[in-house]
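Listed below, chain by chain, are the residues.
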Amino acid sequence: MARYTPAEIEPKWQDAWHEAGSFEARRTGDKPKYYVLEMFPYPSGRIHIGHVRNYTMGDVVARYKRATGHNVLHPMGFDAFGMPAENAAMASGGHPKTWTYDNIDTMVKQMKPLGFSLDWSRMFATCDPEYYGQQQALFLDFLEKGLVYRKNAVVNWDPVDMTVLANEQVEDGRGWRSGALVERRELTQWFFRISDYSEELLDALDTLDDWPAKVKTMQANWIGRSRGLQFAFSTVDAPEGFDRIEVYTTRPDTLLGASFVGVSPDHPLARQLERDNDEIAAFNAECRRMGTSEEELEKAEKRGFDTGITVRHPFDTSWELPVYIANFILMDYGTGAIFGCPAHDQRDLDFARKYELPVTTVFAPAMGEEGTFILPEEGGPAYVPPKAETVRYIKGFAGQEAQTGDEALEAAIAFCEEQGVGQGVTKFRLRDWGLSRQRYWGCPIPVVHCETCGVVPEKKENLPIELPDDVSFDVPGNPLDRHPTWRDVPCPNCGAAARRETDTMDTFVDSSWYFARFTAPRAETPTDRAEADYWMNVDQYIGGIEHAILHLLYSRFFARAMHLTGHLPETANEPFDALFTQGMVTHAIFQTKDKAGRPVYHFPEDVELRGDSAFLKDGTEVEIVPSAKMSKSKKNVVDPVSIIDQYGADTARWFVLSDSPPERDVEWTAAGAEAASRHLARVYRIASEAAASEASSQEGDEVLLREMHKTIDEVTKGVESFGFNAAIARLYAFTNALSKAEAGGEAKREAARVLAQLMSPMTPHLSEELWSMLGGEGLIVDAPWPEADPAMMVEDTVTLPIQINGKRRAEIAVPKDMDKAEVEKTALAHHAVVKALDGAEPKKVIVVPGRIVNVVV
RNA sequence: GCCCAAGUGGCGGAAUGGUAGACGCAGGGGAUUCAAAAUCCCCCGGUCGAAAGAUCGUGUCGGUUCGAGUCCGACCUUGGGCACCA
């Protein structure tokens, strides 16, 4: 009998699909369309097992939808701009462009043998001038509509390398390459007005029924709508022009517990004070030495500097509060100034205790719930109940004595407005999206700076503004900045000597509209409306949970901006109808330390495992950090090519789906690949036997075919709900049933054909082979998905467990449609129940038809 | 620090509030074989027991319910995100 030889059959069927043009997306016929998209990869160099898992999931959906009669669009491309290419150029002297395109070549060569049903004719990379030129056109359209503007913003500045650092390039406040202390520096940068869409982006989350709730929650929290009071304190002894300090608070009901006012080190007042006060200048400078990330600010020790200025309490002008400059206050949020109420905010309480400021409790637990409440001023923790909880106000000034935080908030706002102390406002945490990057390897921002005309947009006919190739990375800083022939251009407006913008775009811009470009990847405009109108939206988007906030939020903004500028229909404002976030593939990190004690990472293939220890080829022992997110910078990536070489693509595909639920992280182990391979060989063998079977006894036909219909039903449901591992478990069970079946040859062949079809989204090559072996018509990719016959799935009798006091003690087999009273009678007659009752009457009998019987004694 | 998840046998995991551990891996035993590989069959959460069975058991502690892995509250641990990694 022939053996399962993936190395022969996989290329054969890939050629057959290619010849038939099976996977080219076409707008033909009256079939419904289906657009399935996996988040496109960064061309890091080689594909890793996480890619295999991600694209196999998308391929299962794509192939299933194809089999259920859809025109499927399933494209692939590369998110090709970004820092690693520049880092590689700096490390080894090559060019980012060469590095990137070489990597793309390699990765395409590695992906094709996996047999994904991708329309490769639509492939592009975001670093193709044809792509980023259209992105520049979008930028100009956005600029015209006022969706882009310039303002100052701070960046991490490395004073030795003379370059801007990404947050991940800052380690313990020092530049990763130079080790120099990082400074915050303010630059004029480009911003998208995403915050204008805060409310809409938040409210529209409710319409995304097929998105995971956790992603919607994360986005909602990120956008962060809050209701509060904005008002001004009048100052005492403040410099001129600072008669008032505007603050924003979400807890105006705690105004009588105010203890101090805090302003950001970047607040205009702090900036004014540092001019004449060296101590304040030093404190502010110290604060600015911290990185720009929110995480770093929050984790840092909370510190303040007493400015000596005070403010008057709005309700009692004889009551003065000190004004501190505090390192934990963000200039970007609210007004950059707050009042602190230590009794009801742990951070404020820590601050008050540190600087010996008064603590005044405003509210306490409601009557009857005081319990062991310790007043914050008597050493207790800050009392911060949920705003929906009713509390008792001790120092309230508006509304009832007992009310919820929410009620008190509104009452306080109403009271303050009436008193002329500020007004209620709704604010959002979401900030505008800074897109300027002081780097070479990104999409050039298509504007020119002219001394007379100011900021001048490039003319669209000059697009794309291509990156110059003749650059080097041996000098610190952005090569575009020191490239005279590229940088120095005439003003598009007046023709005078001018300078091209040398900042490039954030790579999130590239990935915020690629899904739209896939609908017409060669169009002369960003989109072709006929194509976009047909193919949008993405029916199923699949990607990592790490993109839950930024990428997905930016894309939602871009879809709206592209609608405003005429590039997408309004129906595409929410571009992703359904989202599935697959878990990550994790893997141990292998690291050593360099002379300065900084970690140096090593690829798994460069590490030799001996027992629980690991060593480099030169014998150096390597530290193993278990189970971390796979990341190119940490080098803990697994190369699936060897798996494919050894076992074939179908085994790799089957294995990544079978071993773990798709939304959960999976720790890569090679152990299961062998088992997956054995199973596929077994399926091949069983199908071969079925193909040759001459058994004429039809005794077991019904049993087998009933099993088959149940399997069709469960696998279909599994595939539709991303329960791939459960679907595969069902296919294992059905394979066992087929192998043991005492059925006739015809029934076995039918069952084997259905098995091949049900497996075909996961193991398409093997399935084609079996299909042709079993006399299937045409290609299996063109065969319609099998349908389960409901009549074949009902059982005549059911087994009911009997519980006594909720614990299973026995079971009975009863006809499926036996009525409740009869079931109860049968159950009570069971000897285990009789014994448990011991002559007494049951207290209660619960009968859930078809499910369970519970006897309470 | 803040936001969001996850936690079930030796391992990966299954389970519309209704028989916890499907299916697979590893392990043990057997068949086949001159022998092996491959294949096939059986067993496989802990404790007690010869067995029948009993009893405990889904990170920890409480709660709701006739019934909780599933719902609620608190905690612990691990992971993701925190706006210049992509």
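Residues numbered from 1 in each chain as written. Chains lettered and ligands numbered in written order. Predicted model: local features only at pLDDT ≥ 70, side-chain atom pairs only at ≥ 80, totals over all residues. Heavy atoms only, no water.

Under the annotation held in an unreviewed UniProt entry, chain A carries the name Leucine--tRNA ligase and is attributed to Roseivivax halotolerans. According to the UniProt record, the Subcellular location (unreviewed entry) comment for chain A is "Cytoplasm". Taken from UniProt, the Sequence similarities (unreviewed entry) comment for chain A reads in full: "Belongs to the class-I aminoacyl-tRNA synthetase family." (UniProt positions renumbered as here; feature names shortened; annotations may be inferred.)

Trainee: What is the right way to look at the pattern of salt bridges in this model?
Mentor: Where side chains of opposite charge bring their charged atoms close, a pairing between them can arise. By the definition in use, this model includes 39 salt bridges. Taking the shortest distance from any N to any O, the salt bridge between Asp 782 and Arg 66 comes out at 3.5 Å. Of this pair, Asp 782 sits in the loop between α24 (764–773) and β33 (797–804) while Arg 66 is found in helix α2 (residues 49–67), placing the two residues 716 residues apart along the sequence. With a closest N to O distance of 4.0 Å, Glu 298 and Arg 347 form a salt bridge. Highlighted residues: Glu 298 in helix α10 (residues 294–299) and Arg 347 in helix α11 (residues 346–354), separated in sequence by 49 residues. Among the residues examined, Arg 347 registers a relative accessible area of 26% and is labelled partly exposed. Among the ionic contacts, a cluster of salt bridges with common partners joins Arg 184, Glu 186, Asp 266, Arg 271, Glu 274 and Arg 288. (Salt bridge = Lys/Arg side-chain N within 4 Å of Asp/Glu carboxyl O. Helix = DSSP H or I, 4+ residues; strand = E, 2+ residues; numbered from the N terminus. Buried < 20%, exposed > 50% of the residue type's maximum accessible area, 1.4 Å probe, protein only.)

Trainee: Just to check I follow, could you spell out helix α5 (residues 129–144) for this structure?
Mentor: Think of an α-helix as 3.6 residues a turn; residues three or four steps apart then line up on the same face. End to end, α5 covers 22 Å across 16 residues, agreeing with the expected 22 Å (1.5 Å per residue, within 8%). A positive backbone phi angle near 75° is found at Gly 146, which sits one or two residues after α5. (Expected span 1.5 Å × (residues − 1).)

Trainee: I keep staring at the environment of Phe 576 and nothing clicks. Help me out?
Mentor: Along the polypeptide, Phe 576 turns up in the loop between α17 (550–564) and β26 (579–582). Judged by its relative accessible area of 0%, Phe 576 is buried.

Trainee: Quick question: what am I supposed to make of the packing of helix α3 (residues 83–92) against helix α4 (residues 96–111) here?
Mentor: Axes are the key here: two packed helices are described by the angle between their axes and the distance separating the axes. In contact at an axis separation of 8 Å, α3 and α4 are set at 120° when each is read in the N-to-C sense. Taken as a pair, α3 and α4 cross one another with a handedness that is right-handed. Contacts between α3 and α4 pair Pro 84, Ala 85, Glu 86, Ala 88 and Ala 89 from the former with Pro 96, Trp 99 and Thr 100 from the latter. Here the residues of the contact of α3 with α4 sort into six nonpolar, one polar and one charged. (Axes fitted to C-alpha atoms, helices over the stretch in contact; angles between N-to-C directions. Left-handed = near helix turned anticlockwise from the far one by under 90°. Contact = heavy atoms within 4.5 Å. Nonpolar A, V, L, I, M, F, W, Y, C, P; charged D, E, K, R; others polar.)

Trainee: When you look at the sheet that holds strand β20 (residues 447–450) in this model, what are you seeing that I'm missing?
Mentor: Either a parallel or an antiparallel arrangement is found when strands of a sheet pair, and the pairing is made through backbone hydrogen bonds. Strand order in the open sheet made by the four strands is β21-β20-β23-β22, with antiparallel pairing throughout. Across the chains shown, the open sheet's two edge strands, defined by having one partner strand only, are β21 (454–457) and β22 (488–490). The average undirected angle you get between the axes of adjacent strands in this sheet is 40°. As judged from the four bridges shared by β20 and β21, these two strands associate in the antiparallel manner. Opposite Val 448, over in β21, you have Val 456 as the bridge partner. (Pairing = 2+ DSSP bridges.)

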